Amino acid sequence: MALVIPVKEKKLMDVKLGELPSWILMRDFTPNGILGTFQRGYHRYYSEYINVKKGSISGISMVLAAYVLFSYCLSYKELKHERLRKYH
Amino acid sequence: MLSRVALAATAAPSLKNAALLGPGVLQATRIFHTGQPSLAPLPPLPEYGGKVRLGLIPEEFFQFLYPKTGITGPYVLGTGLILYALSKEIYVITPETFSTISIVGLLVYVIKKYGASIGEFADKLNEQKIAQLEEVKQASIKQFQDAIDLEKAQQALVQKRHYLFDVQRNNIAMALEVTYRERLHRVYKEVKNRLDYHISVQDMMRRKEQEHMVNWVEKQVVRSISAQQEKETIAKCIADLKLLAKKAQVQPVL
């Protein structure tokens, strides 16, 4: 096993901050690769929080909270007009 | 059942990989089911999911910040973020905010109160399903075990076959003996029949000859008695008779 692992095979947590752009560019951007990314992410979340014997509410609530945040971000443009003060 | 699916899943890629070797490579290098199937038996499901604090933030985040900021770090970070969002009006307070707060409060209350019991109910349903499947599995295992035992018993019977063959051999020997004796008896009867025939033919011949001879002798004698001899014999007989009569007369008087 090489002592110096090339940047491509490192996991995200092991990548140093300066190497981040090159790491991102080296990822697999083919349709197959992107599909694989989504599949891996889904299966990681699924097998850790949902596909267990005694699952808790956090399995769904995290997904719902993420959806809430995401939809808030999408509708921020309209919400900007309902601000109470103009200058912050 | 699942192991078969797993076997199919592992066999397919291994066969595919082997087929990628060019057609010139010996097909003897194809990989068949030689090793242990790695997916069977499936590992059991984990008991509990990943730990999550406040129902929203995974424990890993707290552990990630613990070395640098201690225990209160993530909470302070959260509070700071919320205050920043409120003060800079990144989060705008609208009438919806109050309905949100009440709904979220209600949800949290309901979940805290009834979460455990609902979990137990779901667990019971799961257990029932698993128990049913387990029953089916046990039933089929028992069936196979019974079939195996039956097979073993029948195989054991093979060792006792020689009794059957001995009995059959004895029966056949007896039947052979019986037919042999029957035929012997028939032969004897037939031979006796033929010999009796010859004997009766001989007897008949002798009888016929005797009768014929006797008849012939009688005829000769009758022929030989000429007429004159007949008269003489008759006269003699009459004289004898007269003598006898006289004797007989004399006798009863005495």
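The preceding data block contains the structure.
Quantities reported herein were computed from a predicted structural model and do not represent experimental measurements. (Residues numbered from 1 in each chain as written. Chains lettered and ligands numbered in written order. Predicted model: local features only at pLDDT ≥ 70, side-chain atom pairs only at ≥ 80, totals over all residues. Heavy atoms only, no water.)

Caption draft 1: Structural detail: the overall build of chain B. Helix and strand content of chain B: six helices and two strands. Shown N-terminal to C-terminal, the secondary structure of chain B runs as helices and strands in the order α-β-β-α-α-α-α-α. For chain B, buried positions account for 6% of its 254 residues. Counting contacts in chain B only where the partners sit at least 6 residues apart, residues at least 24 apart contribute 23% of the total. Accessible area for chain B stands at about 23,000 Å²; split by element, carbon and sulfur atoms hold 66% of it. (Helix = DSSP H or I, 4+ residues; strand = E, 2+ residues; numbered from the N terminus. Buried < 20%, exposed > 50% of the residue type's maximum accessible area, 1.4 Å probe, protein only. Contact = heavy atoms within 4.5 Å. Areas by Shrake-Rupley, 256 points an atom, 1.4 Å probe, with all protein chains shown as cover.)

Caption draft 2: View of the pattern of salt bridges. Under the defined criterion, the tally for this structure stands at nine salt bridges over all chains. Across the pair E47(B) and K54(A) runs a salt bridge whose closest N-O atoms are separated by 3.6 Å. Of this pair, E47(B) sits in the loop between α1 (2-19) and β1 (52-53) while K54(A) sits in the loop between α2 (31-50) and α3 (58-74), which puts the two residues in different chains. For E47(B), a relative accessible area of 35% corresponds to the partly exposed category. Residues D146(B) and K142(B) are paired through a salt bridge, measuring 3.3 Å at the closest nitrogen-oxygen approach. Remark: K142(B) and D146(B) occur in helix α4 (residues 95-159); sequence separation between them is four residues, near one turn of the helix. By relative accessible area, D146(B) is classed as partly exposed at 41%. (Salt bridge = Lys/Arg side-chain N within 4 Å of Asp/Glu carboxyl O.)

Caption draft 3: Inspection of helix α2 (residues 59-69) of chain B at higher detail. Residue and element names in this part refer to chain B. For α2, the complete set of buried residues consists of E59, F62 and L65. Looking straight down α2, one finds its buried side chains confined to an arc of 130 degrees; they lie on one side. Exposed side chains of α2 directed beyond 90 degrees from the buried face belong to F64, P67 and K68. Contact partners of the buried residues in α2: β1, β2 (57-58) and α3 (73-87). G70, located one to two residues past α2, shows a positive phi value of around 75 degrees. (Arc of directions from axis to C-beta.)

Caption draft 4: Examining the interface of chain B and chain A more closely. Taken together, the contacts link 21 residues of chain B with 19 residues of chain A. A buried area of about 1,900 Å², summed over both sides, lies between chain B and chain A, and 56% of it is on carbon and sulfur atoms. Run the count over chain B and chain A and you get two salt bridges. For the pair chain B and chain A, the number of links is eleven residue pairs in polar contact (both at pLDDT 80 or more). (Buried area = accessible area lost by both parts, 1.4 Å probe. Polar contact = N/O pair within 3.5 Å; in protein donor to acceptor, adjacent residues only side chain to side chain.)

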